[in-house]
Amino acid sequence: MSYDFKKIENKWQKRWEEKKVFSAKENPKKKKFYCLDMFPYPSGTGLHMGHAFVFTLGDIFARFKRMQGFNVLYPIGYDALGLPAENAAIKVGIHPEEYTKKSIANFMKQQKAMGWSYDWSRMINTSTQEYYKWDQWLFLQMMKKGLAYRKKAPVNFCKKCDTVLANEQVVNGKCWRHDDTEVEIKNLEQWFFKTTNYAGELLKCLDNLDWPERAKTMQRNWIGKSEGAEILFEIEGKKYPIFTTRPDTLFGVTFLVVSAQHSELANFVKQKQKKDVENFLKKIKSTKREEVEKLDKEGVFSGSFAIHPLTKEKIPVWIGNFVLAEYGSGIVMAVPAHDQRDLEFAKKYKLPIKQVIRKEKAPVRSYLMGASKIKDSDLINLEIKIIEKTKDGDFKIEIPKTRLKDYEKLITEKMDDGFWNEYLGEEIVFIFKFNSGKIKRLILNDDTEEEVDKLAHDFMKESKWNKSCVWKWLAENSFYTDLIVHTDFGILVNSDEFNGLFSEEAKEHIVKALEAKKFGRKVTQYKLRDWLVSRQRYWGTPIPIVYCDKCGIVPVPEKDLPVKLPNNVKFGKGNPLATNEKWINVKCPRCGKFGRRETDTMDTFVNSSWYYLRYADPRNDKKIFETKKANYWAPVDMYIGGPEHITAHLIYARFYTKFLADLGLIKFREPALRYFTQGLVRGSDGEKMSKSKGNVVEPLETINKFGADSLRLYLVSNSSSDRDFDWSEKEIQNSFNFTSKVCDYFANFKAGKSDARVDNKLNRTIKEVASYAEDFAHNLAVIKIRNLFSYFYDKEIDKKTAESFLKMLHIYCPFVTEEIWENLGNKEFISIAEWPKCDEKKINEKFEKEEKAVEQLVGDINNILKIIKEKQKSAKKIFIYSLPNEKEMFSENLDFISKKLNLNVKIFAVNDKNKYDPEKKSSKAKPGKPAIYVE
RNA sequence: GCGGGUAUGCCGGAGUGGUCAAACGGGCUGGAUUAAGGCUCCAGUAGCUUAGUGCUUGCGAAGGUUCGAUCCCUUCUACCCGCACCA
């Protein structure tokens with residue numbers, strides 16, 4: 001039963017490595033496929049089950065594509081620079097470099113044990129100077145293009161550490177090392193990358209990517225595009241731009257609020273209010289970070305007034321704690337009547353509230369056309385106001401919301417009178433859009449429905465209008481004979497010439513009016529911020545900059561790269577790099593006089609933003625990579641990695657790719673065309689695996705127990721790979737049993753002849769497995785493979801069937817299949833064998849039906865046997881009476897049936913005169929369902 | 001608050017306009033094997049009914065579209081995830 005998986009797995013690990021089976025070479029004649037797993041952070045604890053899962057998914061895909069004949073690049077590397085390594089190293093008291101080396105060696109051992117088919121010759125390690133040299137080179141290129149710059153910014157700072165912290169090091173507003181120390185926000189000079197330059201493109205290109213919808217949405221939210229207007233308000237003689245998404249509420253502005261962190265705050269504060277403002281600012285500064293979110297809206301009057309760009313009214317300028325300095329211009333126009341936050345503020349400080357949009361009272365408008373059976377009086381009784389009545393008898397009406405139901409009833413009643421019959425066949429549509437948003441079609445002509453739907457859909461997509469506008473527009477274009485306009489956004493009031501407009505329309509009109517007077521324009525804002533890349537940490541890429549008293553910020557010349565991380569530093573307080581004076585003191589590359597190196601290093605995400613390109617040409621010491629090679633392999637065709645990277649790594653990688661394309665180094669603009677996020681492997685208790693919960697299962701431990709093949713098989717046979725699942729010892733045992741059974745079967749395998757049924761099953765399986773594997777539905781693919789196996793388990797099969805089966809199983813269980821493959825007499829590796837082709841001609845629906853009929857029959861017989869048993873009778877013989885034309889079908893499976901039942905089975909055609917049928921059961925036979933007699 | 005997702009047996013999960021809801025696995029029950037346990041094998045696992053082929057219930061809840069819906073539409077509920085004082 002059991003097999004020596006340790007021996008087999010060791011043997012093939014070695015052979016694959018020796019023969020360099022998985023090393024990739026450019027070949028313009030062959031279609032490439034770039035399959036990539038997000039490279040791991042080599043921690044000292046080694047691989048965890050999550051790694052095992054995600055890399056197995058990648059390996060399966062790489063093997064699958066390789067066998068399908070693609071020229072597959074499947075590389076691996078280590079994202080070795082970063083905070084955790086530095087801290088772990090400090091904890092154990094060794095140098096981060098040593099720590100990292102050890103971790104990587106440990107990782108490699110385990111990765112090989114898992115049977116992952118990496119091209120080890122392309123391995124990269126971001127902590128080597130050969131790699132980070134190019135991080136520095138890219139930094140210089142960004143500087144040239146103005147994409148890397150230095151500015152003052154608010155950052156997290158821990159007093160006790162005396163250093164700036166990464167966001168990851170801030171836990172609940174406190175330093176992760178000192179949970180009694182609040183993180184302070186300090187304004188410090190930092191290096192940034194101008195990711196915002198690409199905000200629009202980053203957003204737009206998402207549409208064409210084959211990524212999970214969730215990932216795309218998250219990125220869209222992160223980039224956070226909002227369209228609105230920038231409106232100029234004059235404050236104390238100077239014009240300030242203010243961003244709003246609701247220019248339609250411009251007439252409702254009753255005050256402005258300036259961020260307490262606004263750089264020009266002092267300009268707004270009048271002498272009289274100075275003290276109040278100072279007190280207020282003090283109070284804000286003393287509030288703790290974690291409390292900020294729960295804070296009430298608070299503010300103080302600045303003493304200044306702004307001038308409304310259209311009405312020229314005087315509007316008080318306040319200072320508020322809820323306005324972000326970094327978003328928009330740091331000043332907001334407050335419309336308390338139509339914004340919850342502004343309303344709170346206005347109520348608190350008794351500021352005026354001016355309604356400019358009639359929402360509650362806005363009636364529902366309807367265009368009632370061809371309503372010949374409806375009288376004016378019917379409508380008036382329902383408090384429906386007739387705005388207009390045309391010659392043709394059409395109504396333009398306003399219905400109070402309270403009477404909507406009655407109106408609906410009226411229309412329905414009139415229609416029951418045959419109201420709409422006369423319109424049948426004339427492409428007339430009756431559509432109601434109710435308050436709830438529900439759309440009810442009373443009658444439609446098929447062609448029209450499609451046309452109108454498409455029209456409405458397209459229209460909404462193209463325009464920035466909301467639904468109500470679309471419906472109104474449609475009504476005006478007479479596509480609908482009856483239409484209720486649902487006023488989601490209300491109608492403008494108290495807004496001079498804009499009164500009566502739908503708010504969506506008003507946005508455009510008002511912006512146009514502002515543009516004409518040069519008081520504003522249409523703009524687009526993004527939430528995406530520039531990327532802060534400076535870190536006051538040792539284990540990162542040194543920023544290639546020298547500060548010179550005379551020349552200022554001087555980039556290190558390209559020829560002097562890399563700026564190496566000095567080995568001799570003291571860990572402990574502050575930035576370790578600052579402790580090596582020898583390294584810091586350097587001649588200014590420009591003037592040759594005294595200069596000092598930048599001691600900040602780059603964020604670890606810098607290293608991972610372009611690594612996928614380095615794999616294309618990993619040993620190049622002249623260039624970052626050969627453009628030709630990069631263009632051959634990249635972009636990544638299949639990228640696999642956890643969802644936690646969606647808003648950081650994947651944004652950065654996309655940004656880098658666009659930048660590199662603009663440099664002319666590559667000809668594509670997206671790093672990964674397809675992206676898959678795997679689920680989480682939880683402990684058997686359904687909780688996340690963690691040491692403290694004691695539910696951790698280590699891959700290596702499992703490999704020792706069941707072998708890598710069984711672990712791999714188990715990991716993917718659970719559910720769809722993008723879902724979380726709980727570890728189960730029982731089920732991995734099950735996978736192990738299967739692997740063992742396959743080994744046993746092939747231990748004594750002798751090729752024979754396959755019959756048409758086996759051929760049918762095989763080809764069907766080939767077809768299904770390929771499509772499942774392509775979609776990461778490995779659970780289903782595995783089921784099909786197992787079904788095939790149990791189907792031929794006790795049958796004679798030919799060599800081709802056996803080999804096809806092994807090939808399909810190979811992507812899941814690479815080791816055993818190599819072993820069996822060799823035992824069958826193959827000289828080449830199964831790893832590079834050709835994926836089986838499906839012969840459609842051999843798929844026969846008849847067999848499937850037959851199989852079902854036989855199974856049904858067995859089920860029926862079992863049922864009878866059960867009942868008999870309950871009656872304390874015993875059964876020895878089974879007689880089956882099928883319709884004459886079906887006799888062959890069942891008799892062919894007679895062996896199978898009697899084996900299943902473990903009883904003697906005889907079959908007769910119902911018209912067989914010599915049949916044994918003492919109870920005349922044969923008369924019960926039906927097509928596909930033979931009669932049964934049990935004795 | 002905004003956005004996205006999910007909802008199927010005891011559990012993990014298939015299926016998706018009809019001809020089959022629950023494939024496959026786990027659990028549980030019974031049986032075979034065994035000294036016993038494990039492994040393995042066989043059968044059963046919504047209800048009723050009958051020596052099987054029948055009927056009913058049923059895919060979170062309620063409506064709707066359809067000749068027909070677990071699947072499409074609307075609303076609601078629950079859970080998960082992401083973002084969030086973003087103007």
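If you're wondering where the values come from, they're calculated on a predicted model, not measured in any experiment.

Visitor: So what's going on with the overall build of chain A? Which residues, and what values?
Guide: Looking only at helices and strands, chain A has 31 helices and 38 strands in total. The buried share of chain A, taken over its 935 residues, is 53%. Summed over its atoms, the accessible surface of chain A is roughly 45200 Å², and 49% of this surface lies on carbon and sulfur atoms.

Visitor: So what about the protein's contact with RNA strand B? Which residues, and what values?
Guide: Neighbouring RNA strand B are 49 residues; K297, R341, N734, N737 and K924 lie closest to it. Counting only atoms of RNA strand B within 4 Å of the protein, the sugar-phosphate share comes to 58%. Within the contact set of RNA strand B, a phosphate oxygen lies 2.4 Å away from a side-chain nitrogen or oxygen of N737. Secondary structure elements with two or more residues in the surface near RNA strand B: helix 7 (213-223), strand 11 (238-244), helix 24 (729-747), helix 26 (778-792), helix 29 (845-870) and strand 38 (931-934).

Visitor: Can you break down the sheet that holds strand 27 (residues 545-548) residue by residue, with the values?
Guide: Across the sheet, 4 strands lie side by side as 28-27-30-29; this open sheet has antiparallel pairing. Either end of the sheet is taken by a strand with one partner, and the two such strands are strand 28 (552-555) and strand 29 (585-587). The average undirected angle you get between the axes of adjacent strands in this sheet is 40 degrees.

Visitor: Help me get a handle on the confidence of the model for chain A, residues and values and all.
Guide: In this model, chain A carries an average pLDDT of 81, and 81% of its residues clear a pLDDT of 70 or more. Long-range and interchain partners of residues 360-364, a stretch whose pLDDT sits below 50, account for 14 contacts in this model, where long-range means more than four residues apart. Here residues 415-489 is modelled with pLDDT under 50, and outside its nearest four sequence neighbours on either side it reaches 141 contacts, counting other chains as well. With pTM at 0.83, the complex prediction returns an ipTM value of 0.91.

Visitor: Can you break down the packing of helix 25 (residues 756-774) against helix 26 residue by residue, with the values?
Guide: Orientation of helix 25 relative to helix 26, taken along the N-to-C sense of each, is 165 degrees, at an axis distance of 8 Å. One finds that helix 25 runs roughly antiparallel with respect to helix 26. Viewed along their axes, helix 25 and helix 26 form a crossing whose handedness is left-handed. Of helix 26, the residues touching helix 25 (which contributes R757, V758, K761, L762, T765, E768, V769, Y772 and A773) are H778, L780, A781, K784, I785, L788 and Y791. Classifying every residue of the contact of helix 25 with helix 26 by side-chain character gives 10 nonpolar, 2 polar and 4 charged.

Visitor: Talk me through the packing of helix 27 (residues 799-810) against helix 28 (residues 814-823); I want residue IDs and the actual numbers.
Guide: Interaxial distance between helix 27 and helix 28 falls to 8 Å at its minimum, and their mutual angle equals 155 degrees. As far as their axial angle goes, helix 28 and helix 27 are roughly antiparallel. For the pair helix 27 and helix 28, the sense of crossing is left-handed. Listed contacts from helix 28 to E803, L806, K807, L809 and H810 of helix 27 are P814, T817, E818, I820 and W821. Tallied by class, residues from the contact of helix 27 with helix 28 come to 5 nonpolar, 2 polar and 3 charged.

Visitor: With reference to specific residues and values, describe the nonpolar core.
Guide: Within the largest apolar cluster, 91 residues are counted, with the highest numbers of intra-cluster contacts made by M49, L715, W727, F746, F805 and Y812. A per-element tally of this core places helix 2 (residues 49-67) first, with 11 residues. Sequence-distant contacts of W727, that is, excluding residues within four places in its chain, are made with M49, V681, R682, G683, S684, M689, V697, T702, L711, Y714, L715 and I732. Core analysis: the next-biggest nonpolar cluster, separate from the first, contains 80 residues, F139, L140, L206 and V533 among them.

Visitor: Let's hear about the side chain of S721: which residues, and what values?
Guide: In this structure, S721 sits in the loop between helix 23 (708-716) and strand 35 (725-726). The residues touching S721, leaving out its near neighbours within four places in the chain, are F53, L57, F676, T677, Q678, G679, F776 and H778.

Visitor: Residue-level account of the sheet that holds strand 2 (residues 71-73), with values.
Guide: Read from one edge to the other, the open sheet built from 4 strands follows the order 2-1-32-33, with strand pairing classed as parallel. Of all strands in the sheet, those bounded by a partner on one side alone are strand 2 and strand 33 (675-676). Taken together, the 2 bridges between strand 32 (residues 638-640) and strand 33 define a ladder with parallel strand orientation. Within strand 33, the residue paired with I640 across the bridge is F676.

Visitor: Describe helix 2, with residues and values.
Guide: Because each turn of an α-helix spans 3.6 residues, side chains separated by three or four positions end up pointing in the same direction. Its 19 residues place the ends of helix 2 27 Å apart at the C-alpha level, agreeing with the 27 Å of an ideal helix rising 1.5 Å per residue. Immediately beyond the C-terminal end of helix 2, within one or two residues, lies G69, with a positive phi of roughly 100 degrees.

Visitor: Which residues make up the environment of V782, and what values go with them?
Guide: Along the chain, V782 falls in helix 26. Of the residues examined, V782 reaches a relative accessible area of 3% and is grouped as buried. Linking V782 and M808, residues 26 residues apart in sequence, is a C-alpha distance of 9.0 Å.

Visitor: Give me the lowdown on the environment of M49, citing residues and values where you can.
Guide: One can find M49 in helix 2. Accessibility expressed as a relative area gives 1% for M49, which makes it buried. When the C-alpha positions of M49 and V681 are compared, they lie 6.7 Å apart, and in sequence the two are 632 residues distant.

Visitor: Go over the pattern of salt bridges, please, and point to the residues and values.
Guide: Scanning the entire structure with this criterion turns up 45 salt bridges. When the shortest N-O distance is used, the salt bridge between R246 and D248 registers 3.1 Å. Among the residues examined, R246 registers a relative accessible area of 25% and is labelled partly exposed. Between E670 and R654 there is a salt bridge; the shortest N-O distance is 2.8 Å. Placement of the pair is E670 in the loop between helix 21 (649-663) and strand 33 and R654 in helix 21, with a sequence separation of 16 residues.

Visitor: Before we move on, can you summarise the packing of aromatic side chains with the specific residues and values?
Guide: Note on aromatic pairs: each is described by the distance of the centres and the angle between the planes. Applying the stated criterion to the full structure yields 66 aromatic pairs. Between W134 and W137 the ring centres are 5.9 Å apart and the planes differ by 75 degrees, which places this aromatic pair in the edge-to-face class. Linking W134 with W137, this pair stays in helix 5 (residues 129-144), spanning 3 residues, or about one helical turn. A relative accessible area of 16% places W137 in the buried class. Ring plane angle 15 degrees and centroid distance 6.0 Å describe the contact between Y881 and F908, whose orientation is recorded as stacked. Placement of Y881 in strand 36 (residues 877-882) and of F908 in strand 37 (residues 904-909) is noted, with a sequence separation of 27 residues between them. The residues Y881 and F908 share a single accessibility class, namely buried.

Visitor: Tell me about the side chain of D617, and name the residues and values.
Guide: Mapped onto the elements, D617 comes out in the loop between helix 19 (611-614) and helix 20 (627-633). By relative accessible area, which is 7% here, D617 ends up buried. From its side chain, D617 meets the backbone nitrogen of E626 in a polar contact 2.8 Å long.

Visitor: Now, about helix 4 (residues 96-113): what can you tell me, with residues and values included?
Guide: Taking 1.5 Å of rise per residue, the 18 residues of helix 4 would be expected to cover 26 Å, and the 26 Å separating its terminal C-alpha atoms lies within 8% of that figure. Residues of helix 4 that are buried include every one of P96, Y99, T100, S103, I104, F107, M108, Q110, Q111, K112 and A113, and no others. Positive phi shows up at G115, right after helix 4, with a value of about 80 degrees.

Visitor: Go over the state of the cysteines, please, and point to the residues and values.
Guide: With the rule as written, the count across this model stands at 0 disulfides. Among the cysteines around C551, which has no disulfide bond, C591 carries the closest sulfur, lying 3.7 Å off. By relative accessible area, C551 is classed as partly exposed at 24%.

Visitor: Tell me about the environment of W318, residues and numbers included.
Guide: Position of W318 among the secondary structure elements: in strand 14 (residues 314-320). Leave out the neighbours within four places in its chain, and W318 touches F255, L256, V257, V258, G299, V300, F301, S302, F345, Y349 and L351.

Visitor: An account of unusual backbone geometry is requested, with residue identities and associated values reported.
Guide: In this model, L561 is joined to P562 through a cis peptide bond whose omega is 0 degrees. Following the sequence through the fold, P562 ends up in the loop between strand 28 and helix 17 (581-584). Going from A634 to P635, the amide bond is cis rather than trans, its omega being 0 degrees. Unlike most non-glycine residues, K350 shows phi in positive territory, near 55 degrees. Looking at the secondary structure, you find K350 in the loop between helix 11 (340-348) and strand 16 (357-358).

Definitions and cut-offs
- Residues numbered from 1 in each chain as written.
- Chains lettered and ligands numbered in written order.
- Predicted model: local features only at pLDDT ≥ 70, side-chain atom pairs only at ≥ 80, totals over all residues.
- Heavy atoms only, no water.
- Helix = DSSP H or I, 4+ residues; strand = E, 2+ residues; numbered from the N terminus.
- Buried < 20%, exposed > 50% of the residue type's maximum accessible area, 1.4 Å probe, protein only.
- Areas by Shrake-Rupley, 256 points an atom, 1.4 Å probe, with all protein chains shown as cover.
- Near = heavy atom within 4 Å.
- Polar contact = N/O pair within 3.5 Å; in protein donor to acceptor, adjacent residues only side chain to side chain.
- Pairing = 2+ DSSP bridges.
- Axes fitted to C-alpha atoms, helices over the stretch in contact; angles between N-to-C directions.
- pLDDT = per-residue confidence, 0-100.
- Contact = heavy atoms within 4.5 Å.
- Parallel < 35°, antiparallel > 145°, perpendicular 65-115°, else oblique.
- Left-handed = near helix turned anticlockwise from the far one by under 90°.
- Nonpolar A, V, L, I, M, F, W, Y, C, P; charged D, E, K, R; others polar.
- Core = buried A, V, L, I, M, F, W, Y, C linked by side-chain atoms within 4.5 Å.
- Expected span 1.5 Å × (residues − 1).
- Salt bridge = Lys/Arg side-chain N within 4 Å of Asp/Glu carboxyl O.
- Phe/Tyr/Trp six-rings, centres within 6.5 Å; stacked < 30°, edge-to-face > 60°.
- Disulfide = S-S within 2.5 Å.

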